[in-house]
Amino acid sequence: MLQRDRPIRLWGTAEAGSIVSASLNGQTATGRTDPQGRWRIVLPAMPAGGPYTLSVKAGRGSQQVSDVLIGDVYLCGGQSNMEFPARLSTGAWGGLAAHPEPQLRFAHIEKESAAAPLEDLRQPAPWRIVDATSAGDASAVCFYMARSLQRSLKVPVGFIDADWGGTTIQSWISPAALATQPAYAEGVRSVATLARDPGAARENEDRRSTAWWRATDPGWKATMRWADPAFDDAAWPRIDLAGSWKEAGIPALAGFEGVVWLRKTVTMTADQAAAADRLLLGPVDSHDTVWINGRWIGSNGIGWFWRDYAIPRGTFHAGRNVIAMRVLGAGGPIGQPADRSIKLTDGGAVSLAGPWSYQVGAPLKGMTPPSPPWEVPTSLTTLYNGMIAPIAGYGFKLAAWYQGEANVGDAAGYATLLPLMMSDWRRQTDTPTLPFLVAQLATIGTPASSPAESSWAELRDAQARTVRADPHAGLVVTLDLGDRYDIHPTQKLLVGERLARAARAVAYGGTDAPGGPEVASVTRANGDLVIGFRNATGGLRAYSAGTAIGFEACAAAVCRFIAGTIDGERIVLHGAARPGIDRVRYAWADAPYVNLYNADDLPAVPFQWAIM
């Protein structure tokens, strides 16, 4: 699937210095490989159509790709709610595609974290035709959006999803762009060092970590020798790591929160030592640092994230090896024995099941040690490097973004990073006005019964303000589609349909409003507050009530609920313009109940608005 109505870029490798020619749909272009054998060719823009055959010749070699369609290509990115597969979405049991839809295709970018931008994907991402057997594997949100658009556009549509659950937005921004932010510049440089000189990068990170522990842990000097493979731990007690250490039946650990050291002796053959590639430890609650034979390997501070550390060549050797792990948290390794092993390059593994030696360290609480800036899910730039950079030259009609849960708690930072990422992707794809569709965070947790501060509301507000300031962006509200107990609500069909509506307005020049009612003004009038909305054509409506709920009038830090009366495209908060009232909020909670919609059944956008 190739993007219509824009030059088509092709790239690849061949023998250095050879002439390369490409032909598609009667159009031909030529080029020459550089000294490293790389080549790039640009074919002229073409209208929607196909199927065609793409032919490329280089020297005495040639390659053909058949069944090539030209239409619109969408790029979908984010974390787990974009990654969520269609087969698990509400209604999927009834069938997602009863028969093949050759005009609708998708490709999935496999997870790849890289220290420097890759020129090509490390794992293939083949195009797949949507049919009864394939549709369930697609990103649900992206699939429902693309299906809706393809059915109305009547042209071929392809969608590519590049997503990774739990990841922060910092992971998806290019090194050049993220380095412009002072808070991340040093970390970006550290990631770049990892690409050039992994040993130096690890040594630098080890020094940074050591400095923190030296300043924080009163027992640091004595306990650091426990990472030494020569240390004799024969007198240490043993623990079977099958769930939290609190559940191990050991009184000293039953209520312990702080530092616990763990050691494991592993005997390996020379072949196993040479083939050791990754250290898998499962999830760890919550921060761990790992040494192998006294060599610092890595650390991570996300409790639910499964540890998967790269093992530098030469770390293991034939015979006795010692793995030492320092854990700061309240549960330690919380997976099962089968989760922990040494992965070998030949596909085999050395099990780390069985008892580990342990020793209790300092009872530290509320501490956050530093983690390497290249460790997923809080890495800097590495997912851009591995999953976006290799396809940036591909032509795209639009981008859809569903992410932010991992950045809750830093709405101010997100308000800078989201527009930075959007401008970055536009620059990297050479599409200055690339339409961006942003799915706002859904609700989570117990519904609010009284006004309170909300980090989720703040993040949603950062998303809304970013879109409001961007003439080529659209926002999709999902407040009414959340799940009280699950951060991954299954109702993805409506999210996709709402994204398709926004796309018609933002990317295709449609006349319908891209989304639901959005605050445009708040004024005082005879003791009332009057809220004006845009995107309220056809009038506002309150479902299941005579008033709109979720509005708050605030004076400094004190807010109170005020029922809203609908007046056409306005909401009137009667008697709310009291002395001291300085702002109005709507749906300001992790899990607000809302009933305000427009005539197109689209929910109003949450907001906080200062009153002059």
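For the structure itself, consult the block above.
Now for a description of the structure that goes with this document.

How each quantity is defined
Residues numbered from 1 in each chain as written. Predicted model: local features only at pLDDT ≥ 70, side-chain atom pairs only at ≥ 80, totals over all residues. Heavy atoms only, no water. Phe/Tyr/Trp six-rings, centres within 6.5 Å; stacked < 30°, edge-to-face > 60°. Helix = DSSP H or I, 4+ residues; strand = E, 2+ residues; numbered from the N terminus. Buried < 20%, exposed > 50% of the residue type's maximum accessible area, 1.4 Å probe, protein only. Pairing = 2+ DSSP bridges. Axes fitted to C-alpha atoms, helices over the stretch in contact; angles between N-to-C directions. Expected span 1.5 Å × (residues − 1).

Looking at the packing of aromatic side chains
- This structure, assessed with the given rule, holds 21 aromatic pairs.
- Arranged with centres 5.4 Å apart and planes meeting at 15°, the rings of Trp261 and Trp291 form a pair that is stacked. In this pair, Trp261 sits in strand S12 (residues 258-268) while Trp291 sits in strand S13 (residues 276-292), placing the two residues 30 residues apart along the sequence. For the pair shown, Trp261 and Trp291 are each scored as buried.
- Where Trp425 meets Phe436, the ring centres are 5.8 Å apart and the plane angle is 50°; that geometry is what we call tilted.

Things to note about the sheet that holds strand S30 (residues 583-586)
- If you walk across this open sheet you meet the four strands as S27-S26-S30-S32, and the pairing is antiparallel. At either end of the open sheet lies a strand with only one pairing partner, and these are strand S27 (558-561) and strand S32 (607-610). Going from strand to strand, the sheet's axes swing by 20° on average, the running direction of each strand aside.
- Sheet analysis places strand S26 (residues 551-555) next to S30, joined by four bridges and oriented antiparallel. In the strand pairing of S30, Ala553 is matched with Val584.

Some points on helix H2 (residues 140-153)
- With 14 residues, H2 should cover 20 Å at 1.5 Å per step; its first-to-last C-alpha distance of 20 Å lies within 8% of that length.
- Along H2, 11 of the 14 residues are buried, which leaves the element largely enclosed by surrounding structure.
- Where H2 is concerned, the buried positions are Ala140, Val141, Cys142, Phe143, Tyr144, Met145, Ala146, Arg147, Ser148, Leu149 and Gln150.
- Once H2 finishes, Lys154 follows within two positions and takes phi at roughly 60°, a positive value.

Everything listed here is a matter of coordinates, which is why it stays silent on function.
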